[in-house]
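The residues making up each chain are set out below.
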Amino acid sequence: IDGNGLSLGYGCRGVMEFEISMKGKSEHSAKSRANPLYDAFIQFFSNLQVNAEQTNDLLLGKTSLNIARLELGTRQDNGQFLSTGNKTPAELFALIEARTMSDFTWNTVINNIDKQNSLIQIKKKLDERGFCSSKTDLHPFISAMRFVLEKEAYLDPSTFGYLDVAMLADVYPNSTITSFGAGAPNQAHAPNEYVLIRDLTKAVLYYEHIISKLCHI
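This one's a predicted model, so the numbers in the text were calculated from it and none came from an experiment. (Residues numbered from 1 in each chain as written. Predicted model: local features only at pLDDT ≥ 70, side-chain atom pairs only at ≥ 80, totals over all residues. Heavy atoms only, no water.)

Enquirer: Can you break down the sheet that holds strand 6 (residues 64-73) residue by residue, with the values?
Expert: One open sheet holds the 4 strands; their spatial order is 6-7-3-8, and the pairing between them is antiparallel. Looking along the sheet, the strands with just one partner apiece sit at the ends: strand 6 and strand 8 (120-128). Strand-to-strand twist across the sheet, computed as the mean angle between neighbouring axes with direction ignored, equals 10 degrees. Bridge analysis of strand 6 against strand 7 (residues 91-100) gives 9 bridges, and the strand direction is antiparallel. Paired with asparagine 66 across the two strands is glutamate 97, which belongs to strand 7. (Pairing = 2+ DSSP bridges. Helix = DSSP H or I, 4+ residues; strand = E, 2+ residues; numbered from the N terminus. Axes fitted to C-alpha atoms, helices over the stretch in contact; angles between N-to-C directions.)

Enquirer: Outline the side chain of threonine 63, listing residues and values.
Expert: Tracing the sequence through the fold places threonine 63 in the loop between strand 5 (61-62) and strand 6. On the basis of relative accessibility, which here comes to 6%, the residue threonine 63 falls in the buried class. Only 2.9 Å separates the side chain of threonine 63 from the side chain of threonine 55, close enough to count as a polar contact. Within the local environment of threonine 63, its side chain forms a polar contact with the backbone nitrogen of methionine 101, the two atoms lying 3.0 Å apart. Beyond its immediate sequence surroundings of up to four residues, threonine 63 is in contact with Arg13, Ala52, Thr55, Arg99, Thr100, Met101 and Phe104. (Buried < 20%, exposed > 50% of the residue type's maximum accessible area, 1.4 Å probe, protein only. Polar contact = N/O pair within 3.5 Å; in protein donor to acceptor, adjacent residues only side chain to side chain. Contact = heavy atoms within 4.5 Å.)

Next comes the structure, spelled out in structure tokens:
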């Protein structure tokens, strides 16, 4: 009943999250001609963006990158960052998320690190691949949608988030995978998440129709 808004999901990009950490030597800002940690990070991220632009699919779109968190600074003895601006950063931490196509892999990330002359440390947190099912193979599901809703409604796989059913692609790589939920859009995992009863009723009819057709009931 996730927030699919009674729309059929037939694909999504994968999702990858990883942490970047770097350490260097802090200098007085008046003496420094550059910010080596920041410059190395920007070069690394720019290389990733080039790789992302080279991945493209007519339905799923391109790999997109998001710097979800970025911290730079020089820590005091108490572990807190200095509050003055006259020191260049001695460390950098970043959390990056990628919405990935099949040809943007963990090796893509690692290969970009090899090009850097810096002490980049990386830690993978998450790496789930996406999927894309042919609408031709989804005929029973599309038929059920037309029967119940009297229309066709699809999630846009190039902009919609990760669908949990994509995990089935690793277990059943040759299977047709799809999703259909009654939850209100933008309500999934919200504090006051709700599902309209009329939409839940339609979802039940949808699944009843599919089961009856596939099982010849």
